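What follows is the residue order along each chain.
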Amino acid sequence: MDELLTTRQVQDLLKVDRITIYRMLQDGRLKGVKIGQQWRFPRANVDRLLTSGTSFETNAAAELTAAFPAHCVQPVQDLFAEVSGLSAVILDLEGAPQTEISNPCDFCRLLWKSERGRAACLTNWREFARQAAEGKNQLTCHAGLNYWVHPVVENSKLVGWFISGGCLQQPVESAQAQQRLVELSRQFEIPLQALQNAFKDIPLIPAEMRTRVNSWPAVAARAVEGILRERTSFIERLQQIANLTQIS
C-alpha cells in the first residue's frame, strides 16, 4: 500500500506554500484523499512530480490575475443586456472575447451559427478594439449594426472594452437593406429568407434615446471595474496568507 504524506510533508518536499498545494489539487497536478478534515497524498505521485523536473514555485497573485474573472463579470453583463434590451460582450485589448455574448438578437445568432459568419464577427471585434483604442465610442459592425464601447480599467490600467449594441439607430432604406442581406446570405451561406425575417426584429434606437444609450456602457463598465477591485483586494489577502505559510 502506497505511503500517504501529510500536507506539511508535501510542502517540505516540493518547497511550496500550502495554497500552492491546494491549487495543484484543484488543477489535477497533485492527487490526494481527504481523511476526516486532513488531506493525505500518495508518496508515489509526489515522487513522480519531483522527478519530472517541473518547477512548482508559484505566485498565487500572479496566477489569479492572469485570467479575466469572466464567471464573476458575466452576471453583471447579462443583467445589463436584459435591462437595456441590447447585446453585450467584454473584449480584451486585442479584441478577443472575455465573456459570452449576452442577449444577441436573432440576426446576430444566425451570423454566429455560420462558420464564416462567426469568423467575420471575431475579426470585427478585433477591429472594434483597434477603433476603441483610437478613441471611437460608436462603432458599426460588418453587418451594419450599431454598437457603443467604453473602456474597462483595473488598477488604473486599461484591460478591455465593454461593447453593447447590436441595434440600428435609424431605419434602413428597404432597397439598401435588401442588398446587404443578399450579400450576407451569399457570403455566409445563410438562407436569405431567414436573414430577412430576423432583420425585422433588430432593436431600433429612436433619436430621443441615443444620448442615454450612449452612456449605458460606461455605467456597466464601472460595475465591472468594481468587481475587479474586489478581486484585487482578495488577491492581496490571499498573497498575505501565502507569505505566512511560505516555506523558507
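Residues numbered from 1 in each chain as written. Predicted model: local features only at pLDDT ≥ 70, side-chain atom pairs only at ≥ 80, totals over all residues. Heavy atoms only, no water.

## Some thoughts on unusual backbone geometry
Next up, step 1: The phi dihedral of Lys15 is positive, around 60 degrees, even though this residue is not glycine.
Next up, step 2: Along the chain, the position of Lys15 falls in the loop between helix H1 (7-14) and helix H2 (18-27).
Next up, step 3: Residue Lys15 is classed as exposed on the basis of its relative accessible area of 53%.
Next up, step 4: Phi at Asn155 is positive, roughly 55 degrees, even though this residue is not glycine. (Helix = DSSP H or I, 4+ residues; strand = E, 2+ residues; numbered from the N terminus. Buried < 20%, exposed > 50% of the residue type's maximum accessible area, 1.4 Å probe, protein only.)

## Some details on the packing of aromatic side chains
Next up, step 1: Inspection of every chain in the model, using the stated rule, returns five aromatic pairs.
Next up, step 2: A centroid spacing of 6.4 Å and a plane angle of 20 degrees characterise the contact between Trp39 and Phe41, whose relative ring orientation is stacked.
Next up, step 3: We classify Trp39 as partly exposed; its relative accessible area is 26%. (Phe/Tyr/Trp six-rings, centres within 6.5 Å; stacked < 30°, edge-to-face > 60°.)

## Let's talk about a nonpolar patch on the surface
Next up, step 1: On the surface, Leu4, Val33 and Ile35 cluster together to form a nonpolar patch covering roughly 240 Å² of accessible area.
Next up, step 2: Residue position: Leu4 is located in strand E1 (residues 4-6). (Patch = residues over 30% accessible without salt bridge, like charges linked within 9 Å, V, L, I, M, F, W, Y side chains within 5 Å. Areas by Shrake-Rupley, 256 points an atom, 1.4 Å probe, with all protein chains shown as cover. Salt bridge = Lys/Arg side-chain N within 4 Å of Asp/Glu carboxyl O.)

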